[in-house]
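Spelled out, the chains give:
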Amino acid sequence: MSMEGLMEVRDVTVTYGSGESRVVALDHVSLTVDRGDSVALWGRSGSGKTTALHVMGGLIVPTAGVVNWDRKPLSSLDARARSHARAHGIAYVFQGANLLPTLTAFENVSFARHVSRGETRFSPTDLLELVGLANKADSLPGELSGGEAQRVALARAVAQAPRVLLCDEPTGHLDSDTSERILDLIEALRRELGFTLVIATHDTNVVARVDREIEILDGRIVRQGAFA
Ligand code: ADP
Ligand code: MG
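Residues numbered from 1 in each chain as written. Chains lettered and ligands numbered in written order. Predicted model: local features only at pLDDT ≥ 70, side-chain atom pairs only at ≥ 80, totals over all residues. Heavy atoms only, no water.

*Asks:* Now, about the packing of helix α3 (residues 105-115) against helix α5 (residues 146-158): what can you tell me, with residues and values included?
*Replies:* How two helices sit against one another is set out by the angle between their axes and by the gap between those axes. Two elements in contact, α3 and α5, have axes whose closest approach is 8 Å; the angle formed by their N-to-C orientations is 25°. The angle between α3 and α5 places the two elements in the roughly parallel class. The handedness of the crossing between α3 and α5 is right-handed. Of the residues in α5, those touching α3 at A105, N108, V109 and A112 are V152, A155 and R156. (Axes fitted to C-alpha atoms, helices over the stretch in contact; angles between N-to-C directions. Helix = DSSP H or I, 4+ residues; strand = E, 2+ residues; numbered from the N terminus. Parallel < 35°, antiparallel > 145°, perpendicular 65-115°, else oblique. Left-handed = near helix turned anticlockwise from the far one by under 90°. Contact = heavy atoms within 4.5 Å.)

*Asks:* Explain the site of ligand 1 residue by residue, including any values.
*Replies:* Near ligand 1, the surroundings consist of Y16, V23, A25, R44, S45, G46, S47, G48, K49, T50 and T51. G48 places a main-chain nitrogen or oxygen 3.0 Å from an oxygen atom of ligand 1. Contacts to ligand 1 include T51, whose side-chain N or O atom sits 2.6 Å from an oxygen atom. For ligand 1, whose unbound accessible area comes to 560 Å², protein coverage reaches 59%. Those elements that provide at least two residues to the shell around ligand 1 are β2 (23-34) and α1 (49-56). When residues of the shell around ligand 1 are assigned to their parent elements, the largest contribution, three residues, is made by α1. A breakdown of the residues in the shell around ligand 1 according to their chemical character gives three nonpolar, six polar and two charged. (Near = heavy atom within 4 Å. Polar contact = N/O pair within 3.5 Å; in protein donor to acceptor, adjacent residues only side chain to side chain. Areas by Shrake-Rupley, 256 points an atom, 1.4 Å probe, with all protein chains shown as cover. Nonpolar A, V, L, I, M, F, W, Y, C, P; charged D, E, K, R; others polar.)

Spelled out as structure tokens, the structure:
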């Protein structure tokens, strides 16, 4: 593990189901994410990207292997401790924005900020401004476009003052122009706030924008490369 290692996945296997329906989603996967890294976890659908993000964030416990987060074993913590770890450093952006449908954009951001104990210096209004949506503060998710909802989801994630942002196909449901704008925004937020970034994607345009690519196929890491 390097000196800067922030998140270390070591020899992790995840299986779902049992008997004939048993699926090996991750098969002895090892990878390290350094502090300040921006990493794309690249692979086609079904290759294990979402499972890998869930393991990294402590949403699921691996069947075998360990996940160290900030040098502490995340996978051996109990559920409450894992949620504590998430509240204090790991934020997610999912493929669909997954906003709470009965709360406004402002309330969605405000709620996340509250749950994570409000350690960010930004107010919910600041955060909506940061993603260019101050004028949509009072809109419900159903009144937002896909790109707008994803920007609120980013504001919500950033409201947790994350040290690591895990994005699961953040552009998966968006057209290419909107995707580019979301990727620009993620870069701008990263420059401003300095979080470590892991993006699961099958989109080569996303891969071209990060520092490092990890390719996953059928639950195995098949390539790890760096871009100059
Ligand atoms: P990706 O995000 O790259 O599409 P996933 O991690 O979602 O890949 O899935 C990896 C494999 O695990 C796939 O074969 C998928 O069908 C299976 N899988 C994912 N989640 C579950 C689950 N909750 N129950 C059973 N199988 C699952
Ligand atoms: Mg997925």
